[in-house]
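As a plain string of letters, each chain reads:
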Amino acid sequence: MAAVTPRVFVSHLSGVPVFDPNGDQVGRVRDLVAMLRVGGRPPRILGLVVEVISRRRIFLPMTRVTGVESGQVITTGVVNMRRFEQRPTERLVLGEFLDRRVRLVDDDEEVTVLDVAIQQLPARRDWEIDKYFVRKGRGGALRRKGETLTVEWSAVSGFSLDEHGQGAESLVATFERLRPTDVANALHHLSPKRRAEVAAALDDDRLADVLEELPEDDQVEIIGKLAEERAADVLEAMDPDDAADLLSELPEEDKERLLALMRPDDAADVRRLMSYEERTAGGLMTTEPIVLLPDATVADALARVRQADLSPALAAQVYVCRSPDDTPTGKYLGTVHFQRLLRDPPFTLVSSIVDSDLVPLSPDTPLPTVTSYLAAYNMVSVPVVDETGSLLGAVTVDDVLDHLLPDDWRETDLHGEEGIGHGGR
């Protein structure tokens, strides 16, 4: 069982430096962004507002935060430098929660919020508000004399959404309980106007996950109604192969404009995928499999596999390649399956346990051959290499299924007559 993450009070985070993995300072924390939720659930922390050196304030998603302490914040690496703009469903914790007058649930007594504690959920990168530090009294001179106490989030009213009404805020909060494919199913059955309202209210990572599950017509409609910079942010958050498929459906001028707004590395991956025929291994693959150098250990591999944002198909194996370890890599050496990682000591080098018997596919391998390969060898993912032996990416079974199923398969109600597609919950 994972250790419990220490509680952090947000007042201790104000102004602390934010560092990248190399120890270089990115900026300083100026606020935290939260989303209220329905049903009395604690507000979720979406990310941090960080002031960078140029005094621009940017948004740093919590999914890119690897460490939060009272003295510093560590990020995974590259951050999006576009200016932060608060959305209707978002609340600023320091700016809007502190000094707010709320009531205690037990006795309806009015209190003032002095501080807010956040905590990371076990085995995930999600963060929630955990407790409130409040002062009793009605403010002014009496406020200094009032009793202070720390209470559970559930002991305070005023920090959740009403489940009634038609605001996109409440609908988005309700959707948070669902898997992306179920949210996509629900969005598909909304009116275009309502669909655009909900899409605008979702955060970038959540909208990216949902777009990947929507039919192409819905994807094009939604991305076309977003501001161009926001659309580029969402495309960056999507898996490169899904982003490439979506961009391929857009007019040439729109496609080029969005690619120009994306980060150069992300745009390069997408352009490379768009250069392959759609129903080939190159057109199906993702450019972000787990790649390790030969001197990595089993412990290193398991740490990568445990990353919460990896799909099960990508987490099922790691690919061992010579430097560089970004695709296209150096020479591809072989695959190590997850089960093999569990059987060998942590200090074992992955280069000593690679499976090099299975021949990787070339990027022009047609879809039927990719399908046969996965079925014949009972694989959930297959490596794709170029003529020089460099790893280009991997094709996962879910991407293959997307192209084998009928075009209208997403219209099928997966939950029966009471499912989300018929208004069920």
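Here the structure is a predicted model, which means the values were calculated and not measured. Each chain carries its own residue numbering, running from 1 in the written order of its sequence. Owing to the predicted nature of the model, reporting of local features is limited to residues with pLDDT of at least 70; listing and counting of side-chain atom pairs is limited to 80 or more, with chain, interface and lining totals taken over all residues. Side-chain descriptors were evaluated using all non-hydrogen atoms of the structure, hydrogens and water having been removed beforehand.

### With respect to helix H11 (residues 264-274)
For H11, the full list of buried residues reads Asp 266, Ala 267, Asp 269, Val 270, Arg 272 and Leu 273. In this structure, the buried residues of H11 make contact with helix H8 (228-237), helix H9 (240-248), helix H10 (252-261), helix H12 (281-284) and strand S18 (391-396). Only protein chains enter the accessibility calculation, which uses a 1.4 Å probe. A residue is then buried if its area is under 20% of the maximum for its type, exposed if over 50%, and partly exposed in between. Helix numbering and strand numbering both begin at the N terminus, where a helix is a DSSP run of H or I of at least 4 residues and a strand a DSSP run of E of at least 2. Note on definitions: a residue-residue contact is assigned when non-hydrogen atoms from the two residues lie within 4.5 Å.

### Quick look at the side chain of Asp 266
When you line up the elements, Asp 266 lands in helix H11. Reaching out from Asp 266, the side chain makes a polar contact with the side chain of Arg 263 at a distance of 2.9 Å. Here a polar contact is recorded for every N or O atom pair within 3.5 Å, except that within protein the pair must consist of a potential hydrogen donor and a potential acceptor, and residues adjacent in sequence are included only if both atoms are side-chain atoms.

### Looking at the nonpolar core
For soluble globular proteins, the rule of thumb is that nonpolar side chains tend to be buried together. Membership of the largest hydrophobic core comes to 55 residues, with the highest contact counts inside it found for Ile 223, Leu 235 and Val 395. Excluding residues within four positions of it along the chain, Ile 223 makes contact with Leu 211, Ala 231, Val 234, Leu 235, Leu 246 and Leu 250. For this analysis, a nonpolar core means a set of buried residues of the types Ala, Val, Leu, Ile, Met, Phe, Trp, Tyr and Cys, connected via side-chain atoms within 4.5 Å.

### A look at the packing of aromatic side chains
Note on aromatic contacts: the rings of Phe and Tyr and the six-membered ring of Trp form a pair at centre separations within 6.5 Å, being stacked when their planes are under 30 degrees apart, edge-to-face when over 60 apart, and tilted otherwise. Under the defined criterion, the tally for this structure stands at three aromatic pairs. Summarising the aromatic geometry, the rings of Tyr 319 and Tyr 332 are spaced 6.4 Å apart at their centres and angled 55 degrees between planes, so their arrangement reads as tilted. One end of the pair, Tyr 319, is in strand S15 (residues 317-321); the other, Tyr 332, is in strand S16 (residues 332-337), and 13 residues separate them in sequence. Side by side, Tyr 319 and Tyr 332 carry an identical accessibility label, which is buried.

### A short note on the environment of Val 116
Inspection of the secondary structure puts Val 116 in strand S10 (residues 110-120). Owing to a relative accessible area of 0%, Val 116 belongs among the buried residues under this scheme. In sequence terms Val 116 and Arg 7 are 109 residues apart; their C-alpha atoms lie 10.0 Å from each other. Ignoring sequence-local partners within four residues, the contact set of Val 116 consists of Val 8, Phe 9, Val 10, Val 93, Phe 97, Leu 98, Ile 129, Lys 131 and Tyr 132.

### Comments concerning a negative patch on the surface
Where like charges cluster on the molecular surface, the negative patch consists of Asp 209, Asp 239, Glu 288, Asp 398 and Asp 402. Residue placement: Glu 288 occurs in the loop between H12 and strand S14 (291-292). For Glu 288, a relative accessible area of 40% corresponds to the partly exposed category. Two joining distances apply to patches: 9 Å for like charges and 5 Å for nonpolar side chains (Val, Leu, Ile, Met, Phe, Trp, Tyr), and every residue must have over 30% relative accessible area and no salt bridge. Per-residue and other accessible areas follow the Shrake-Rupley method at a 1.4 Å probe size, with only the shown protein chains counted as cover for residues. Salt bridges are defined as contacts in which a side-chain nitrogen from Lys or Arg sits within 4 Å of a carboxyl oxygen from Asp or Glu. Two residue types count as positive, namely Lys and Arg, and two as negative, namely Asp and Glu; His and chain ends fall outside the count. Where a charge lies is defined by one atom per residue type: Lys uses NZ, Arg uses CZ, Asp uses CG and Glu uses CD.

### Things to note about the packing of H10 against H11
The axes of two packed helices give the description: the angle between them and the distance between them. Lines fitted to the C-alpha atoms define the axes, with helices restricted to the stretch that makes contact. Angles between their N-to-C directions range from 0 to 180 degrees. Relative to each other, H10 and H11 sit at 145 degrees, their axes nearing to 9 Å. Each of Lys 255, Glu 256 and Leu 259 in H10 lies in contact with H11, whose residues at this interface are Ala 267, Val 270, Arg 271 and Met 274.

### Observations regarding the confidence of the model for the protein chain
Averaged over the protein chain, the pLDDT score is 84; the fraction of residues at 70 or greater is 87%. The quantity known as pLDDT measures the predictor's confidence residue by residue, on a range of 0 to 100. For the protein chain, helix H2 (residues 140-145) is the element with the lowest average pLDDT, namely 48, and S14 is the one with the highest, namely 96. Note that pLDDT drops below 50 for residues 414-425; the model gives that stretch 19 contacts with residues more than four away or on any other chain.

### Some words on the pattern of salt bridges
Using the criterion set out here, one finds 21 salt bridges in the structure. Residue Asp 269 pairs with Arg 272 through a salt bridge whose shortest N-O separation is 3.2 Å. Remark: Arg 272 and Asp 269 occur in helix H11; sequence separation between them is three residues, near one turn of the helix. By relative accessible area, which is 15% here, Asp 269 ends up buried.

### Here's the deal with the pairing of S10
The element S10 is extensively covered by neighbouring structure, given that eight of its 11 residues are classed as buried. Strand direction decides the pairing type here: strand S1 (residues 8-9) and S10, joined by two bridges, are antiparallel. Following the sheet pairing, Phe 9 is matched in S10 by Ala 117. By definition, two strands form a pair when at least two bridges between them are found by DSSP. Bridge count between strand S9 (residues 101-104) and S10: three bridges; the pairing is antiparallel.

### Remarks on helix H5 (residues 192-201)
Every buried residue of H5 is accounted for by Arg 194, Arg 195, Val 198, Ala 199 and Ala 201. Down the axis of H5, the buried set is contained in an arc of 165 degrees. They therefore lie on one face. As used here, the arc belongs to the directions running from the helix axis to the C-beta atoms.

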